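Overview (structure and organization)
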Amino acid sequence: DTEVTQTPKHLVMGMTNKKSLKCEQHMGHRAMYWYKQKAKKPPELMFVYSYEKLSINESVPSRFSPECPNSSLLNLHLHALQPEDSALYLCASSTRRDTEAFFGQGTRLTVV
Amino acid sequence: GQQLNQSPQSMFIQEGEDVSMNCTSSSIFNTWLWYKQDPGEGPVLLIALYKAGELTSNGRLTAQFGITRKDSFLNISASIPSDVGIYFCAGPPRGGSQGNLIFGKGTKLSVKP
């Protein structure tokens, strides 16, 4: 089972709203990631969690706040976003040494 | 930083034709990954390559890890309409943690029935 589940699939939020994106995997992977993908562009890394600890933050603005409650769950809390933050947000996971990452289906976020 | 140059940028082919696309870098990669992405969906892993010279197949797909470690190609044989999508090569940058991937810009494949 190579499934990473993301909710919601679509989200529209205002610039003053607070919302959260959720990601879950049950493959026993100990590394989880958030990627951002703009239209017609490749995914770009935002955050990496390894063994539930934040190991990489690719200079992401503080209006994006990741959280890893346990080894199966990953959240991305959103607050005071801008319209340019509208994108497809992808969650992924991988095993300890393998670099092959498995992606969820993404959350299409629109900021109005 | 390390970059992956993927070509062609787009392809328009007839159903049944074979397809070839490649990915090159000025730097050495120890792993090459090929993903396919459908519109509005997440990338799906097609093939993973870990050894220079490795040739791996997945159904009608075949990928090879270049001997120089600086390139990889993906072939699709006897294309069908469901092969439509964007194909990305990806790999971990030198010194990156597991799963910290950089992606090529993608090859958009269109298949005419």
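These lines cover the structure that appears in this document, whether it is placed above or below. (Residues numbered from 1 in each chain as written. Chains lettered and ligands numbered in written order. Predicted model: local features only at pLDDT ≥ 70, side-chain atom pairs only at ≥ 80, totals over all residues. Heavy atoms only, no water.)

As for the packing of aromatic side chains
We apply this condition: Stacked, tilted and edge-to-face pairs are distinguished by plane angle, under 30 degrees for stacked and over 60 for edge-to-face with tilted covering the rest, among Phe, Tyr and Trp rings (Trp via its six-membered ring) whose centres lie within 6.5 Å. Under the DSSP-based scheme used, a helix requires at least four consecutive residues in state H or I and a strand at least two consecutive residues in state E, with every element numbered from the N terminus. Three exposure classes are used, based on accessible area relative to the maximum for each residue type with a 1.4 Å probe and protein chains only: buried under 20%, partly exposed in between, and exposed over 50%.
Under the defined criterion, the tally for this structure stands at nine aromatic pairs over all chains. Judged by centre distance (5.8 Å) and plane angle (35°), the ring pair of Phe64 of chain A and Tyr89 of chain A falls under tilted. In this pair, Phe64 of chain A sits in strand E7 (residues 64–70) while Tyr89 of chain A sits in strand E9 (residues 87–94), placing the two residues 25 residues apart along the sequence. The exposure classification of Phe64 of chain A matches that of Tyr89 of chain A, with both residues buried. Ring centres 6.0 Å apart and planes at 90° place the aromatic pair Phe88 of chain B and Phe103 of chain B in the edge-to-face group. With Phe88 of chain B in strand E9 (residues 85–91) and Phe103 of chain B in strand E10 (residues 102–103), the pair connects residues that are 15 residues apart, well separated along the chain. Phe103 of chain B matches Phe88 of chain B in its accessibility class, with the two residues each being buried.

Section: the interface of chain A and chain B
To keep things clear, this is the line we draw: Here, residues are in contact when the closest pair of their heavy atoms is within 4.5 Å. When two parts are put together, the accessible area they lose, computed with a 1.4 Å probe and summed over both, is reported as buried area. Any Lys or Arg side-chain nitrogen located within 4 Å of an Asp or Glu carboxyl oxygen qualifies as a salt bridge.
Taken together, the contact between chain A and chain B spans 28 residues of the former and 21 residues of the latter. Summing both sides of the interface, chain A and chain B together bury roughly 1700 Å²; the carbon and sulfur share of this comes to 54%. Per-residue buried area on chain A facing chain B is highest for Thr99, Glu100 and Phe103 of chain A; these three make up 30% of the total on that side. Inspection of the chain A/chain B interface yields one salt bridge. A salt bridge links Lys9 of chain A to Glu41 of chain B, with the shortest nitrogen-to-oxygen separation between them at 3.2 Å.

Here we look at the layout of surface pockets
In plain terms, the rule: Lining residues are defined by having an atom within 4 Å of a point belonging to a cavity or pocket. Those points lie on a 1 Å grid over the protein atoms alone, cavities being sets where a 1.4 Å probe fits but cannot get out and pockets being open sets with protein on both sides within 12 Å along at least five of seven lines. Grid points are joined across faces, edges and corners, and a volume is the space filled by probe spheres set on the points. Lys, Arg, Asp and Glu make up the charged group, whereas Ala, Val, Leu, Ile, Met, Phe, Trp, Tyr, Cys and Pro make up the nonpolar group; the residues left over, Gly among them, are polar.
Considering only enclosed or pocket space, the largest pocket measures out at about 1000 Å³ in volume. In terms of lining, the largest pocket is formed by 38 residues, of which the most central are Lys40, Lys41 and Pro42 of chain A together with Phe88 and Lys105 of chain B. Those elements giving two or more residues to the lining of the largest pocket turn out to be strand E5 (44–50) of chain A together with strand E1 (5–7), E9, E10 and strand E11 (107–112) of chain B. Sort the elements by how many residues they give to the lining of the largest pocket and E9 of chain B lands first, with three residues. Of the residues assigned to the lining of the largest pocket, the class counts are 14 nonpolar, 14 polar and ten charged.

A short note on the pairing of E7 of chain A
Which entries qualify depends on this criterion: Strand pairing requires that DSSP identify at least two bridges connecting the strands.
Across five bridges, the pairing between E7 of chain A and strand E8 (residues 73–79) of chain A is antiparallel. Considered in E8 of chain A, the bridge of Pro66 of chain A is made with Leu76 of chain A.

Section: the state of the cysteines
All names here are of chain A. Our working rule: When two cysteine sulfur atoms are found within 2.5 Å, that pair is recorded as a disulfide.
On inspection of all chains with the given rule, the structure shows two disulfides over all chains. Two residues share a disulfide in this structure: Cys23 and Cys91, whose sulfurs sit 1.9 Å from each other. Between Cys23 and Cys91, the S-S dihedral sits near -70°, and the bridge is therefore left-handed. Of this pair, Cys23 sits in strand E3 (residues 18–25) while Cys91 sits in strand E9, and the two are 68 residues apart along the sequence. Take Cys23 and Cys91: they sit in the same class, and that class is buried.

Quick word on the pattern of salt bridges
A full pass over the atoms with the stated rule returns six salt bridges over all chains. Here Arg60 of chain B makes a salt bridge to Asp83 of chain B, at a shortest N to O gap of 2.8 Å. In this pair, Arg60 of chain B is assigned in the loop between strand E6 (55–58) and strand E7 (61–65) and Asp83 of chain B in the loop between strand E8 (71–76) and E9, connecting sequence segments 23 residues apart. According to the relative accessible area criterion, Asp83 of chain B is buried, its value standing at 5%. In this structure, a network of salt bridges that share partners links the residues Lys36, Arg63 and Asp85 of chain A.

Observations regarding the side chain of Ser94 of chain A
All names here are of chain A. The test is simple: Two N or O atoms form a polar contact when they lie within 3.5 Å of each other; inside protein one atom must be a possible hydrogen donor and the other a possible acceptor, and for residues adjacent in sequence the pair counts only when both atoms belong to side chains.
Positionally, Ser94 belongs in strand E9. Residue Ser94 is classed as buried on the basis of its relative accessible area of 0%. Polar contacts involving the side chain of Ser94 include one to the side chain of Tyr33, which spans 2.5 Å.

Structural notes on the nonpolar core
For the record, the criterion: Take the buried Ala, Val, Leu, Ile, Met, Phe, Trp, Tyr and Cys residues and link them wherever side-chain atoms come within 4.5 Å; each set so joined is a nonpolar core.
Within the largest apolar cluster, 24 residues are counted, with the highest numbers of intra-cluster contacts made by Trp34, Phe64, Leu76 and Leu78 of chain A. If you list the elements that add at least two residues to this core, you get strand E2 (10–13), E3, strand E4 (31–37), E5, E7, E8, E9 and strand E11 (107–111) of chain A.

A look at the sheet that holds E7 of chain A
Sheets are built from strands paired through backbone hydrogen bonds, the pairs being either parallel or antiparallel. Residues and elements named next belong to chain A. Heads up, the condition is: Each axis is a line fitted through C-alpha atoms, and for a helix only the stretch in contact is used; angles between axes span 0 to 180 degrees, taken between their N-to-C directions.
Taken together, four strands build an open sheet; the order of strands is E1-E3-E8-E7 and the sheet is antiparallel. At either margin of the open sheet sits one strand with a lone partner, and together these are strand E1 (4–7) and E7. If you compare each strand with its neighbour and ignore which way they point, the axes differ by 20° on average. Here four bridges tie E1 to E3, and the two strands are oriented antiparallel to one another. Bridging from a neighbouring strand, Gln6 pairs with Cys23 of E3.

Note that all results are geometric; they support no functional claim without further evidence.
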